[in-house]
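Observations on the three-dimensional arrangement
Chain by chain, the residues:
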Amino acid sequence: MKAMILAAGRGERMRPLTDHTPKPLLQAAGKPLIVYTIEALVQAGITDIVINLAHLGAQIQNYLGDGSQYQANIDYSHEGETGLETAGGIKKALPILGDSAFLVVNGDINSDFNFHGLINKEIDLAHLILVNNPAHHPTGDFALQNQATLTPEGTPKYTYSGIGIYHPDLFTSIKPGKSALGPLLKNTMQTGRISGELYPGFWMDIGTPERLKELNNIMLRHHEQ
């Protein structure tokens, strides 16, 4: 299975930190956010990785190179300075990702989720990992019916973790260019073709400088143990 790390976002909520450094290269406990994700993927046996680039993307490519230092094989999908949003970015990268289902991970999350369990998972069009709603997103995103099928309505709602498996066919209906993932997922959920599961373990969306500091403190405490 190949994996795609979404790394093309501008990181507006992280400014001024992201004015000169792309968000995936911001560090917690001396290590860039994206490196934690790459290491977790490789540890799970996923070594073919695609990273999309836009804002300050050259810094990411220069830092990570071909991935060999992490025992990975990294390819890059270049989107220009402004990026194509999530669905548009995935659509553009499909020629690199291939015809089989692939894993997608947001570049600004940190979690102890074990990706290995997703490698041979059978899916229809998508399978999303949900988490309990954090304080900054109390209303959640999607409801989980019968512990299997996702719907845009219903209760309780959980938060999409930024971890999911996607089949290329999900993106057939969208045109190349800028396109958001949320509306595509919600429309497809109406057909019952998106599954999901709730992950109760550690997960953080590193969307603000405050949460980056929090993650840094967590990682430092972990290293001290």
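It is a general feature of regular strands that their side chains alternate between the two faces of the sheet. Most of strand β8 (residues 126-131) is tucked away: 6 of the 6 residues are buried. Across 6 bridges, the pairing between β8 and strand β11 (residues 157-166) is antiparallel. Looking at β11, one finds that L130 is bridged to Y160. Here β8 pairs with strand β12 (residues 194-199) via 6 bridges, running parallel. Counted as the bridge partner of V131 is Y199 from β12.

Of note, the amide linkage connecting R15 to P16 takes the cis form, showing an omega dihedral of 10°. In this structure, P156 follows T155 across a cis peptide bond, with omega equal to -10°. Take P156: it is sitting in the loop between β10 (149-151) and β11. For A29, which is not glycine, the phi torsion reads 55° and is therefore positive. Checked against the element boundaries, A29 lands in the loop between β2 (27-28) and β3 (31-32).

Close contact between helix α1 (residues 33-43) and helix α2 (residues 57-64) brings their axes to 12 Å; oriented N to C, the two are set at 50°. In terms of their interaxial angle, α1 and α2 are classed as oblique. Here the hand of the crossing between α1 and α2 comes out right-handed. Each of I34, V35 and I38 in α1 lies in contact with α2, whose residues at this interface are I60, Y63 and L64.

For the rest of this paragraph, the subject is the layout of surface pockets. Considering only enclosed or pocket space, the largest pocket measures out at about 990 Å³ in volume. Lining the largest pocket are 37 residues, with L6, R13, T86, N106 and D108 positioned closest to its centre. Listed by contribution, the elements that provide at least two residues to the lining of the largest pocket are α3 (85-97), β11, α4 (181-189) and β13 (203-205). Computed from the structure, the second largest pocket encloses a volume of approximately 310 Å³. If you go around the second largest pocket, you meet 16 residues; those closest to its centre are Y36, A40, N110, S111 and D112. Of all the secondary-structure elements, those providing two or more residues to the lining of the second largest pocket are α1, β7 (109-111) and α5 (209-224). When residues in the lining of the second largest pocket are grouped by element, the largest group, 5 residues, is from α1. For the lining of the second largest pocket, the residue count by class is 9 nonpolar, 4 polar and 3 charged.

Bringing the packing of aromatic side chains into the picture now. Taken as a whole and judged by the stated rule, the model has 4 aromatic pairs. Ring geometry for F113 versus F115: centroids 5.7 Å apart, planes at 70°, classification edge-to-face. Summarising the burial analysis for this pair, F113 and F115 share the class buried. Pairing F113 with Y199 gives two aromatic rings, centres 5.1 Å apart and planes at 90°, and the pair type is edge-to-face. Pair noted here: F113 is in the loop between β7 and β8 and Y199 is in strand β12, with a separation of 86 residues, a long-range link. Here Y199 falls in the buried class, since its relative accessible area comes to 17%. Taken together, the ring pairs in this structure connect F102, Y166 and F171 into an aromatic cluster.

In terms of burial, strand β6 (residues 102-106) is a largely internal element, 4 of the 5 residues being buried. Relative to β11, β6 is paired through 4 bridges, and the arrangement is antiparallel. Looking across to β11, one finds that F102 is bridged to Y166.

Criteria and cut-off values
Residues numbered from 1 in each chain as written. Predicted model: local features only at pLDDT ≥ 70, side-chain atom pairs only at ≥ 80, totals over all residues. Heavy atoms only, no water. Buried < 20%, exposed > 50% of the residue type's maximum accessible area, 1.4 Å probe, protein only. Helix = DSSP H or I, 4+ residues; strand = E, 2+ residues; numbered from the N terminus. Pairing = 2+ DSSP bridges. Axes fitted to C-alpha atoms, helices over the stretch in contact; angles between N-to-C directions. Parallel < 35°, antiparallel > 145°, perpendicular 65-115°, else oblique. Left-handed = near helix turned anticlockwise from the far one by under 90°. Contact = heavy atoms within 4.5 Å. 1 Å grid on protein atoms, 1.4 Å probe; cavity = no way out; pocket = protein on both sides within 12 Å on 5 of 7 lines; lining within 4 Å. Points joined across faces, edges and corners; volume = space filled by probe spheres on them. Nonpolar A, V, L, I, M, F, W, Y, C, P; charged D, E, K, R; others polar. Phe/Tyr/Trp six-rings, centres within 6.5 Å; stacked < 30°, edge-to-face > 60°.

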